[in-house]
Amino acid sequence: MAVVSLYGITSLILSLVGFYQSHRKRNAYGNFYPASIIGAFVWGDAAIFGLFWFLTSLFCLILNDWILFLLIFSLFWMVCSLGETIWCFLMQFVSLKRYPLEHFFLHGLFHDESILFVHQIILQCITVVSLLASLYFGKMWLGKI
């Protein structure tokens, strides 16, 4: 449960910094790759996802339920990666690029619009792993109660 506590504290800090960056600095779309540990790719994401993960961690700590935390974690990443996959897919077909390609992780390796389908493929892999993990942890959690 120490991991859940550490994750919750980290999430709360990222949320507070995310709100500060978004509101005070007006930098909601600014990248901060270390925040991707909570599913946040920009500061606006960190503000909301950090709060979500803090409350989720607190809830699982109160219940003393590590498997529930893992189930929520895997379900979150399944939904998040599916949404990001769709976003990357759609970005390939629009002429107006609202989000600079240089902001994508791994842009140094894939310099043109190929970065979009690379991210799409990475996120599809995360979706598959998250779906399988969700089924596994869901079975474990249901077996406990």
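The preceding data block contains the structure.
Keep in mind it's a predicted model, so treat the numbers as computed, not measured.

Caption draft 1: Structural context of the nonpolar core. In terms of nonpolar packing, the biggest core is built from 15 residues, with I38, W53 and F69 touching the most fellow members. In terms of residue count, helix α3 (residues 66–91) provides more of this core than any other element does, five residues in total. When neighbours within four sequence positions are excluded, I38 is seen to be in contact with Y7, S11, L14, A46, F49, G50, W53, F76 and W77. Residues C88, M91, Y99 and F104 belong to the second largest nonpolar core, which totals nine residues.

Caption draft 2: Layout of the packing of aromatic side chains. Counted under the stated rule, the structure contains 17 aromatic pairs. Consider the rings of F32 and W43, whose centres lie 4.7 Å apart with planes at 15°: the pair is stacked. Of the two residues, F32 is situated in the loop between α1 (2–24) and α2 (43–63) and W43 in helix α2; the sequence distance between them amounts to eleven residues. Ring plane angle 15° and centroid distance 6.1 Å describe the contact between W66 and F69, whose orientation is recorded as stacked.

Caption draft 3: Structural view of unusual backbone geometry. Within the chain, R26 stands out as a residue other than glycine whose phi angle is a positive 50°. Of note, the phi angle at N64 is positive, near 55°, even though the residue is not glycine. The class for N64 is exposed, based on a relative accessible area of 56%.

Conventions we followed
- Sequence order as written defines the numbering, with residues in each chain counted from 1.
- Local features in this predicted model are restricted to residues of pLDDT 70 or higher, and side-chain atom pairs are both shown and tallied only at a pLDDT of 80 or more, whereas totals for entire chains, interfaces and linings draw on every residue.
- Side-chain measures here rest on the full set of heavy atoms in the structure, leaving out hydrogens and waters.
- Here the nonpolar core consists of buried residues drawn from Ala, Val, Leu, Ile, Met, Phe, Trp, Tyr and Cys, with membership extended through side-chain atoms lying within 4.5 Å.
- The buried label applies to any residue whose accessible area, calculated with a 1.4 Å probe on protein chains only, is under 20% of its type's maximum; exposed applies above 50%, and partly exposed to all values in between.
- Each helix is a run of H or I in the DSSP string that is no shorter than four residues. Each strand is a run of E no shorter than two, and both are numbered from the N terminus.
- Here, residues are in contact when the closest pair of their heavy atoms is within 4.5 Å.
- In this analysis, rings of Phe, Tyr and Trp, with Trp reduced to its six-membered ring, are considered paired at centre separations within 6.5 Å, and the interplanar angle assigns stacked below 30 degrees, edge-to-face beyond 60, and tilted for intermediate values.

The values are spatial; any link to function lies outside them.
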